[in-house]
Structure formats: C-alpha cells, structure tokens
Amino acid sequence: MRKLILWIASSLFTTMLVAQPTVDLIPKPVQMEVSSGTFTLTPSTVIVSTQAGRELAGYVQDKLKKSTGLNLKATTKATNTHHIILEVNTSLDLPKEGYRLTVNKYGVEIAGKDRGGLFNGIQTLLQLLPPRVYSDTLVHEVSWSVPFIRITDYPRFQYRGMM
C-alpha cells in the first residue's frame, strides 16, 4: 500500500512539473517568470514609443509586417489595451543594455536602460513569438501569440565572443 501511495504521489508531482509552461530563450534571461495565458497580435495592436524608441518602433513595425501581414500603427500616445510599448528609461536599476519585458492581457511593455537594452528586449519579444516571425514573406495560419511573462535581463559580461 505504501509503495502504491508513493507511486501515485510521484506520478502527480511529475505531471505537475511537465505541465509548467516552458520558454527557451538565448541567452537565458537573468530573471524570468512565466504565467498562464497569452497575448495575441491583432490588426488593432498599436506600437507606442517614446522619442528615444521611435526608430526601434519602426524596426518592430517592419519586422512584424513582413511575416504577420499586420500593418501595426506606431504612435507616441499610450493606449489602454492591445499595445506594444517601447521606452528608454535611464532611471531603471539595471546595468547598461538591460531591459524589462512584461507581457500581459493588455499587451507588451519593453523598457530598456538605454537604446541597446530596448533593442535586446525587442529581440527577446521576437523569440517569444512563433519562429516563423523571422520569415521575410507573409506567413498564413499562425497565431501570433506571446506567453504572459515577466523578464529582467542584462548582459552578464562586458564582451561577447566565442572561443
């Protein structure tokens, strides 16, 4: 009887571990918390940016239009829902090129310590979307969804390279 109870308990525990959503990102972020739910890009999604992030907002707009076919409007005025907010916030308590990325039911918010941090956050957002986002041609029948997630990341080394 004891072995049966142990087997059932271990099976339930293993099932709970497997059921947790997994997100694989390269490089692995310093902090990452995944929640249940997804945010889906739609034609009504708006890209909101500060003046410092305007050029990168154009980059996101172009990148997403190629594969998703969505012509997302770029603006400097915040909206309540269905947005991708891009901002440079030098007061963030993060090292150079650090960023915070949050995805929830309202949309995506990326705050970079500097333009490099904002760019890094955008690259992470692209990794969170289905891999076909990197296509240079329109892709049909794909749900352009991102998991609800909170990420804080920054480079752990001053230089990057390979041996």
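No experiment lies behind these values; they were computed from the predicted model shown.

1. Looking at the packing of aromatic side chains
Part 1: Scanning the entire structure with this criterion turns up one aromatic pair.
Part 2: Aromatic side chains tyrosine 59 and phenylalanine 119 sit 5.9 Å apart centroid to centroid with 45° between the ring planes, which places their arrangement in the tilted category. One end of the pair, tyrosine 59, is in helix α2 (residues 54–68); the other, phenylalanine 119, is in helix α3 (residues 115–128), with 60 residues separating them in the sequence.
Part 3: Here tyrosine 59 falls in the partly exposed class, since its relative accessible area comes to 29%.
Part 4: Residue phenylalanine 119 is classed as partly exposed on the basis of its relative accessible area, which comes to 34%.

2. Details of the nonpolar core
Part 1: In terms of nonpolar packing, the biggest core is built from 31 residues, with Leu64, Ile84, Leu86 and Leu101 touching the most fellow members.
Part 2: When residues of this core are traced back to their parent elements, those giving at least two are α2, β4 (83–88), β5 (99–104), β6 (107–112), α3 and β7 (145–153).
Part 3: A total of five residues in this core trace back to one element, the largest contributor, which is α3.
Part 4: Apart from the residues lying within four places of it in its own chain, the contact partners of isoleucine 84 are Leu41, Thr45, Val46, Ile47, Val48, Leu64, Leu72, Val108 and Leu125.

3. Remarks on the sheet that holds β6
Part 1: Taken together, seven strands build an open sheet; the order of strands is β1-β7-β5-β6-β4-β2-β3 and the sheet is mixed. Strands at the two margins of the open sheet, each flanked by one partner only, are β1 (31–40) and β3 (73–75). Each strand of the sheet is rotated relative to its neighbour by a mean of 15°, with strand direction disregarded.
Part 2: With six bridges connecting them, β5 and β6 associate as antiparallel partners. Each residue of the ladder has a partner; that of asparagine 104, found in β6, is glycine 107.
Part 3: Packing against the sheet, α2 makes contact with β2 (46–49), β3 and β4, and its axis sits at approximately 160° to β2.
Part 4: α3 rests against β4, β5, β6 and β7 of the sheet, and its axis sits at about 35° to β5.

4. Observations regarding the confidence of the model for the chain
Part 1: In this model, the chain carries an average pLDDT of 89, and 85% of its residues clear a pLDDT of 70 or more.
Part 2: Counted against residues more than four places away or in other chains, residues 16–20, with its pLDDT under 50, gives zero contacts.

5. Thoughts on the environment of arginine 150
Part 1: Within the secondary structure layout, arginine 150 lies in strand β7.
Part 2: For arginine 150, a relative accessible area of 47% puts it in the partly exposed group.
Part 3: Separated by 117 residues in the primary sequence, arginine 150 and glutamate 33 have C-alpha atoms spaced 5.2 Å apart.
Part 4: Non-local contacts of arginine 150, meaning those with residues more than four positions away in its chain, are made with Gln31, Met32, Glu33, Leu101 and Thr102.

6. Description of the pairing of β2
Part 1: The two faces of β2 match: Val46 and Val48 on one face and Ile47 and Ser49 on the other face are all buried.
Part 2: Pairing geometry for β2 and β3, over three bridges, is parallel. What sits directly across from isoleucine 47, in β3, is alanine 74.
Part 3: Between the parallel elements β2 and β3, the chain passes through α2 in a crossover that is right-handed.
Part 4: With four bridges connecting them, β2 and β4 associate as parallel partners. Opposite isoleucine 47, over in β4, you have isoleucine 84 as the bridge partner.

7. Observations concerning the side chain of serine 145
Part 1: Turning to its location among the elements, serine 145 is positioned in strand β7.
Part 2: Judged by its relative accessible area of 17%, serine 145 falls in the buried class.
Part 3: Within the structure, the side chain of serine 145 is placed 2.7 Å from the side chain of threonine 40, a separation counted as a polar contact.

About the criteria used
- Residues numbered from 1 in each chain as written.
- Predicted model: local features only at pLDDT ≥ 70, side-chain atom pairs only at ≥ 80, totals over all residues.
- Heavy atoms only, no water.
- Phe/Tyr/Trp six-rings, centres within 6.5 Å; stacked < 30°, edge-to-face > 60°.
- Helix = DSSP H or I, 4+ residues; strand = E, 2+ residues; numbered from the N terminus.
- Buried < 20%, exposed > 50% of the residue type's maximum accessible area, 1.4 Å probe, protein only.
- Core = buried A, V, L, I, M, F, W, Y, C linked by side-chain atoms within 4.5 Å.
- Contact = heavy atoms within 4.5 Å.
- Pairing = 2+ DSSP bridges.
- Axes fitted to C-alpha atoms, helices over the stretch in contact; angles between N-to-C directions.
- pLDDT = per-residue confidence, 0-100.
- Right-handed = clockwise from strand over helix to strand, strands pointing away.
- Polar contact = N/O pair within 3.5 Å; in protein donor to acceptor, adjacent residues only side chain to side chain.

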